[in-house]
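In case you want the letters, here they are:
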Amino acid sequence: MATIIDGKKLAAEVRERAAADVADLAARGIACGLAVVLVGDDQGSATYVRAKLRDCEECGIPSQDYKLPASTSQEELMELVQRLNADAGIVGILVQMPLPRHLDEEAVVAAIDPKKDVDGFHPENLGRLVRGLPGLRPCTPAGIMEMLDAYGIDPAGKNAVIVGRSSIVGKPMSLMLLAQNATISVAHSHTDPRELARICQSADILVAACGIPKMIKGPWIKPGATVIDVGMDRDENGKLCGDVDFASAELVAGAITPVPGGVGPMTRAMLMSNVAFAAKLQNGLI
Ligand code: GUN
């Protein structure tokens, strides 16, 4: 049976470290404000935002909560971002995605000051990742790297397979694992489905981020492999599940993240860590 990677416990440790950093910075007169912007009334997004604001409170991060109507124009949203960019008390800006369809997400992300981009979505920060320079990293893959490290799983020389190629998870994940000297394969919606099982079976580290409930089953997993499940899906009974069929996978894997209690809590905790990082960056402490 696989070791269960306890994302909840690790996330609590990451939040504790972030809170200590924030307290240190406050003692030097540096406020670590986070602005969270939610446009429209998507219930899922509203739930995520509430959770992020709770995390801020726990970590001593002063948060500003901007709830804008779905009818908000591109100009209004850009003006808010510019105002937050210029606000010295705000070290981090998070615009919850997805935005209503009439709004241009790329333009909004590009308008955020890269030093305040605590999501790590800005082209400059993704470019820094490509070039191996320090910078703000996207929370989900950054959290996964923390998990691997905490469980003594060194990617160097291992075969890592990432299923999914989003800009938020799959692509930055592949770059972070590459930076740690793994050999990388990225499978995606155009990968020959007859090849997918074989590709997954080659993985010493398998990251599932495709958004298809329980797509990856036990026989696709190399015995002893580390399986990281980024999925937040619903199964046929409406129950929360991941992209990995946990019941069959845990019999084969060496280590595996559960859903819930795996990647999700770590993603949220890394946001807190990024806020502290952003504050240091803006104050010449990094
Ligand atoms: N929507 C889903 N995940 C995320 C995230 O990590 N950050 C933001 N801003 N929006 C999201």
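Shown above is the structure to which this text applies.
Below or above, wherever it landed, is the structure these notes cover.

Cut-offs used in this document
- Residues numbered from 1 in each chain as written.
- Predicted model: local features only at pLDDT ≥ 70, side-chain atom pairs only at ≥ 80, totals over all residues.
- Heavy atoms only, no water.
- Helix = DSSP H or I, 4+ residues; strand = E, 2+ residues; numbered from the N terminus.
- Rg over C-alpha atoms; globule rule 2.2 N^0.38 Å.
- Contact = heavy atoms within 4.5 Å.
- Lys, Arg positive; Asp, Glu negative; His and termini not counted.
- Charge placed at Lys NZ, Arg CZ, Asp CG, Glu CD.
- Near = heavy atom within 4 Å.
- Polar contact = N/O pair within 3.5 Å; in protein donor to acceptor, adjacent residues only side chain to side chain.
- Areas by Shrake-Rupley, 256 points an atom, 1.4 Å probe, with all protein chains shown as cover.
- Nonpolar A, V, L, I, M, F, W, Y, C, P; charged D, E, K, R; others polar.
- Core = buried A, V, L, I, M, F, W, Y, C linked by side-chain atoms within 4.5 Å.
- Buried < 20%, exposed > 50% of the residue type's maximum accessible area, 1.4 Å probe, protein only.
- Expected span 1.5 Å × (residues − 1).
- Arc of directions from axis to C-beta.
- Axes fitted to C-alpha atoms, helices over the stretch in contact; angles between N-to-C directions.
- Parallel < 35°, antiparallel > 145°, perpendicular 65-115°, else oblique.
- Pairing = 2+ DSSP bridges.

### Some points on the overall build of the protein chain
Along the backbone of the protein chain there are 10 helices and 11 strands. Whereas a compact globule of 286 residues would reach a radius of gyration of roughly 19 Å, the protein chain reaches 19 Å, a difference of no more than 12%. Each principal axis of the C-alpha atoms in the protein chain carries an extent, and together these give about 50 × 40 × 35 Å. Pairs at least 24 residues apart make up 69% of the contacts formed inside the protein chain by residues separated by at least 6 positions. The protein chain carries 28 positive and 35 negative side-chain charges, and their two centres are separated by 3 Å.

### With respect to the site of the ligand
Taken together, Lys52, Leu94, Val95, Gln96, Met97, Asp119 and Phe121 make up the full set of residues near the ligand. Contact between the ligand and Val95: a nitrogen atom at 2.8 Å from a main-chain N or O atom of the residue. The side chain of Asp119 places a nitrogen or oxygen atom 2.6 Å from a nitrogen atom of the ligand. When the ligand is considered free in solution it has 280 Å² of accessible area, and contact with the protein chains removes 78% of it. Of the residues belonging to the shell around the ligand, the class tally is four nonpolar, one polar and two charged.

### Quick notes on the nonpolar core
Membership of the largest hydrophobic core comes to 53 residues, with the highest contact counts inside it found for Leu34, Ile61, Ile144, Leu148, Leu177 and Val207. By residue number, the principal contributor to this core is helix H10 (residues 263-282), which donates 10 residues. With sequence-adjacent residues up to four places away left out, Leu177 is seen in contact with Met145, Leu148, Pro155, Ala160, Ile162, Ala182, Ile184 and Val207.

### Quick word on helix H3 (residues 74-86)
The terminal C-alpha atoms of H3, which comprises 13 residues, lie 18 Å apart, in line with the 18 Å expected from a rise of 1.5 Å per residue. All buried positions along H3 are accounted for by Gln74, Leu77, Leu80, Val81, Leu84 and Asn85. For H3, the arc enclosing every buried residue in end-on projection is 140°, short of the 170-degree limit, so these residues lie on one face. In H3, the exposed residues that point more than 90 degrees away from the buried face are Glu75, Glu79, Arg83 and Ala86.

### Some words on the packing of helix H1 (residues 7-27) against helix H6 (residues 139-150)
Between H1 and H6, whose axes approach to 11 Å, the crossing angle comes to 105°. Classed by the angle they form, the pair H1 and H6 counts as roughly perpendicular. Of the residues in H6, those touching H1 at Gly7, Leu10, Val14 and Arg17 are Glu146, Met147 and Ala150. Of the residues in the contact of H1 with H6, the class split is four nonpolar, one polar and two charged.

### Details of the sheet that holds strand S4 (residues 90-95)
Overall, parallel pairing links the three strands, which are arranged S3-S2-S4 in an open sheet. Looking at strand neighbours, the two that pair on one side only are strand S3 (63-68) and S4, the edges of this open sheet. The sheet shows a mean angle of 15° between the axes of neighbouring strands, direction not considered. Summarising the sheet, strand S2 (residues 33-39) and S3 pair through six bridges and their orientation is parallel. The partner of Val37 across the bridge, within S3, is Tyr66. Packing of helix H2 (residues 43-59) onto the sheet brings it into contact with S2, S3 and S4, and relative to S2 it is tilted by some 170°.

### Overview of the pairing of strand S8 (residues 226-229)
Remember that side chains alternate between the two faces of the sheet whenever the strand is regular. Judged by which residues are buried, S8 turns out to be covered on both faces: Thr226 and Ile228 on one side and Val227 and Asp229 on the other are all buried. Note that strand S7 (residues 205-208) and S8 share four bridges and pair parallel. When the sheet's bridge partners are listed, Ile205 is paired in S8 with Thr226.

### Here we look at the sheet that holds strand S1 (residues 3-4)
What the six strands build is an open sheet, ordered S1-S11-S8-S7-S5-S6; its pairing is parallel. At either end of the open sheet lies a strand with only one pairing partner, and these are S1 and strand S6 (183-187). Lying on the sheet, helix H7 (residues 170-179) is in contact with strand S5 (159-163), S6 and S7; it crosses S5 at an angle near 170°.

### Here's the deal with unusual backbone geometry
Cis geometry is found at the peptide bond from Met97 to Pro98, where omega equals 0°. Along the chain, Val259 connects to Pro260 via a cis peptide bond; the corresponding omega equals 0°. On the secondary structure map, Pro260 appears in the loop between strand S11 (255-256) and H10. Even without glycine at this site, Asn181 takes up a positive phi of about 70°.

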